[in-house]
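Chains, contacts and geometry: an overview
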Amino acid sequence: MGTLSADLAFRGLVHQVSEPGVVARLDAGGIVTYGGFDPTAPSLHVGHLVPISMLRRVQLSGNPPIVVAGGGTGLIGDPGGKTSERSVLSREEVDANLAGVRPQLELLLDFSPGAGSARAALVDNAEWLAGIAMVDFLRDVGKHFTVNQMVAKESVRSRFERAGQGISFTEFSYMLLQAYDFLRLHVDRGCTLQIGGSEQWGNITMGIELVRKATGHEVHGLTLPLLLKADGTKFGKTESGTVWLDARLTSPYRFYQYFVQVEDAVVGTLLRRLTFLSHEEILELEREVAERPERRAAQRALARAVATMVHGESEAARAERASAALFGEAIAGLDERTLLEVVDEAPSSSLPRSILDGDGPSAPTLVDLLVDAGLTRSKSEARRAVAQGGVYVNNVRASDADHILSSRDLLHDRYVVLRRGRRDYHLLRLE
C-alpha cells in the first residue's frame, strides 16, 4: 500500500489538518497520536469505527496511539453534533459504560508489549479532570480563551442559531476540558497529534492553542470525514436503533447483515474507510459494483472484513454462513441461536405439538398454515403459490399443498420456517 499518507489519500480519510505537512510526518513513525471516546453508552457503535481504524492505521505505520476513554468528559457531554442538551450521566453510569467500552478498544488496537515503540495506551481522563480544583482550572486553562472564541465554534454557534435552543454552561465548558486533555497528553506522554471526526475540529483547535500558549510547543490536529448514508443521514442507525459493537446489543449476524445491505452508492467509500483491504482489492470490488451490482460482492467483502475486525474470524464466518443460509437449505444446519437471529424479524406464531403427523383431530395442512401465517390471503391463493413453486418449508421448495407437518420437519425439535417468495417469512414454534 506504500506510505501511510498515500493510503490515507486513497481512502479519503483526511478531512482537515492544522498544518499541511502533518500527514507526511506520520510516514516516518514515532508521532504520538490520540483520539478520544466518551463513554455515553455501554458500547461503541459503527460510527466509531472510522477513528478507531484510523488509530490502527497510524499504529501499523509505527506511530504509538493513545486512546482516551472519557471518564471525566463523559460526565459533561460534548455538544458537538447535537441539536439539544445531552442527558447527564451519573458517575456510576459512566464507570459502567467504560467497563463495556474498554475491551472493545483493546480488541481493535495492539496494547501488548509486542507492539514495541508503537504500543497503544488506554487512559481515562478522569485521572486528571476529576480531581482538578475549579479555581485552578479557570485560572490555568480558562484564562487562555475568550468567550468570543468559544461562541464562534460551530458546536456552540449552531445551538444558538436554533429557535428555542441554547446551551448550558456545562456543555459550553466541554471544549476547555478536551483542550486540557491535549495539554496533559502532550506534557505527560509527548503527544503531538489529535484525531477526531469532522465535528471535533473546534475542540481540537482549542487544544492546539492551549498547548501553544501553555508550553510554547506546536502540536497538530487531523479530522476525519463523517460516514454518511446515500441519503445524507449518519451511518450506523437503523429503524430498530443503533448498530453497536457489543455482540450482546447487536448480534454478529445482525452486524454482518447491516453491512451486507448497504447501498451500492456508498459501499466503495465504506470499503476504503473501514477496511484494511488492499487498494487493488477495493478497486476490483468497485468495478464489480459498477458492472455486476446484483452479485453484491462488495457488500459481502465489506461485511466480512468489518465483522472479522470487530467480532473475530469465527463469529464473522458464522454470520456469513447464516447469511448464506437465509435463502438456502443450509438453514437446517444452523445452531438454534443463529437460526433465531436469522428469522428474528419475521412474524411468528405457536402451535400445539399435537398437530404433528396428523395426530390431532383436525391437523392443518400446509395450505392452512400459509393462510394462518398471513403469507397468503386465501387457501386458493396458497394452492397457487405452492403449484408455482413459490412456497418453502425450511427453505426447501414445497410441492404438496396438503402436506401435514411431521417431526421430521422440525428444526431443533421445535421450529418450522415457512417462506413465500424471496423475503416473506414466518416462524412456527411447536409447543
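Residues numbered from 1 in each chain as written. Predicted model: local features only at pLDDT ≥ 70, side-chain atom pairs only at ≥ 80, totals over all residues. Heavy atoms only, no water.

**Describing the overall build of the protein**
Operational definition: Numbering goes from the N terminus for both helices and strands, where a helix is a DSSP run of H or I of at least four residues and a strand is a run of E of at least two. Burial classes follow relative accessibility: with a 1.4 Å probe on protein chains only, a residue under 20% of its type's maximum area counts as buried, one over 50% as exposed, and anything between as partly exposed. Contact criterion: two residues are considered in contact whenever any of their non-hydrogen atoms come within 4.5 Å of each other. Under the convention used here, a 1.4 Å probe and the Shrake-Rupley method define accessible areas, while residue burial counts only the protein chains that appear. Charged-residue counts in this description rest on Lys and Arg as positive and Asp and Glu as negative, His and the chain ends being excluded. Here the site of a charge means NZ on Lys, CZ on Arg, CG on Asp, or CD on Glu.
The secondary structure content of the protein amounts to 19 helices and 13 strands. Principal axes of the C-alpha set define a box for the protein whose edges measure 85 × 45 × 45 Å. Within the protein, the fraction of its 431 residues that count as buried is 53%. Look at the contacts in the protein between residues 6 or more apart in sequence, and 72% of them connect residues 24 or more apart. Put simply, the protein shows about 19800 Å² of open surface, and 51% of that area lies on carbon and sulfur atoms. Of note, the protein has its 48 positive side-chain charges centred 2 Å away from the centre of its 55 negative side-chain charges.

**As for helix H19 (residues 379–387)**
The following threshold applies: To obtain the arc, one takes the directions from the helix axis to the C-beta atoms.
For H19, every residue scored as buried is listed here: Glu 381, Ala 382, Ala 385 and Val 386. Seen end-on, H19 carries its buried residues on one side only, within an arc spanning 135°. Buried residues along H19 sit against helix H18 (366–372), strand S10 (391–393) and strand S12 (415–420). Among the residues trailing H19, Gly 389 stands out with phi positive, at a value near 80°.

**Considering the pattern of salt bridges**
A side chain of one charge can pair with a side chain of the opposite charge when the charged atoms of the two come close. We count it as follows: Salt bridges are counted wherever a side-chain nitrogen of Lys or Arg sits within 4 Å of a carboxyl oxygen of Asp or Glu.
Within this structure, the stated rule accounts for 24 salt bridges. Note that Glu 381 is salt-bridged to Arg 377, the shortest N-O span being 3.2 Å. Accessibility expressed as a relative area gives 10% for Glu 381, which makes it buried. Overall, Arg 377 belongs to the exposed group, its relative accessible area being 75%.

**Considerations on the environment of Arg 189**
Tracing the sequence through the fold places Arg 189 in helix H10 (residues 174–189). Judged by relative accessible area, which is 42%, Arg 189 ranks as partly exposed. With residues up to four places along the chain from it excluded, the contact list for Arg 189 reads Val 32, Ile 66, Ala 121, Val 123 and Arg 184.

**Things to note about the sheet that holds strand S6 (residues 220–224)**
Keep this limit in mind: Any two strands between which DSSP finds at least two bridges are classified as paired.
An order of S1-S6-S5-S2-S3-S4 is seen for the 6 strands of this open sheet, with the pairing classed as mixed. Pairing within the sheet leaves two strands with one partner each, and these edge strands are strand S1 (16–17) and strand S4 (121–124). Two strands pair when backbone bridges link them, and strand S5 (residues 193–197) and S6 are joined in this way by 5 bridges, in the parallel orientation. Each residue of the ladder has a partner; that of Gly 196, found in S6, is Thr 223.

**Some details on the nonpolar core**
Across soluble globular proteins, nonpolar side chains have a tendency to be buried as a group. Spelled out, the test is: Buried residues of nine kinds, namely Ala, Val, Leu, Ile, Met, Phe, Trp, Tyr and Cys, make up a nonpolar core once their side-chain atoms join them within 4.5 Å.
Among the nonpolar cores identified, the biggest contains 58 residues, and Leu 49, Phe 255 and Phe 259 are the most heavily contacted of them. Looking at this core element by element, the count peaks at 9 residues for helix H15 (residues 297–311).

**A word on the pairing of strand S2 (residues 33–37)**
Counting buried positions along S2 gives 4 out of 5 residues, so the element sits mostly inside the fold. Judged from the 5 bridges that link them, S2 and strand S3 (residues 65–69) form a sheet pairing that is parallel. Bridge pairing in S3 places Phe 37 opposite Ala 69. When S2 meets S5, the two strands line up parallel, connected through 2 bridges. Counterpart to Thr 33 in the pairing with S5 is Leu 193.

**Details of the packing of aromatic side chains**
Condition: Geometry of aromatic contacts follows a simple scheme: Phe, Tyr and Trp rings, the Trp one being its six-membered ring, pair when their centres are within 6.5 Å, and the pair is stacked under 30 degrees between planes, edge-to-face over 60, tilted otherwise. Placement of a positive charge over a ring is assigned whenever Lys NZ or Arg CZ falls within 6 Å of the ring centre and within 35 degrees of the normal to the ring plane.
A full pass over the atoms with the stated rule returns 6 aromatic pairs. Aromatic ring contacts, followed pair by pair, group Phe 235, Phe 255, Tyr 258 and Phe 259 into a single cluster. When the ring centre of Tyr 392 is taken as origin, the NZ or CZ atom of Arg 419, which lies over that ring, is 4.1 Å away.

**Observations regarding H15**
The cut-off we apply is this: Multiplying 1.5 Å by the residue count of a helix minus one yields the expected span of that helix.
For H15, built from 15 residues, the straight-helix expectation of 21 Å at 1.5 Å per residue is met to within 8% by its first-to-last C-alpha distance of 21 Å. Of all 15 residues making up H15, 11 are buried, and the element is well covered by its neighbours. Of the positions making up H15, those classed as buried are Ala 297, Ala 298, Gln 299, Ala 301, Leu 302, Ala 303, Val 306, Ala 307, Met 309, Val 310 and His 311. If you follow the buried residues of H15, they end up packed against helix H3 (49–60), helix H4 (91–108), helix H12 (252–260), helix H13 (264–274), helix H14 (279–291) and helix H16 (313–325). One or two residues past the end of H15 sits Gly 312, with phi positive at roughly 95°.

**Describing unusual backbone geometry**
Positioned with a positive phi, Arg 296 is a non-glycine residue whose angle comes to about 50°. Note on placement: Arg 296 falls in the loop between H14 and H15. Of the residues examined, Arg 296 reaches a relative accessible area of 28% and is grouped as partly exposed. For Asp 413, which is not glycine, the phi dihedral falls at a positive 60°. Note that Asp 413 resides in the loop between strand S11 (396–397) and S12.

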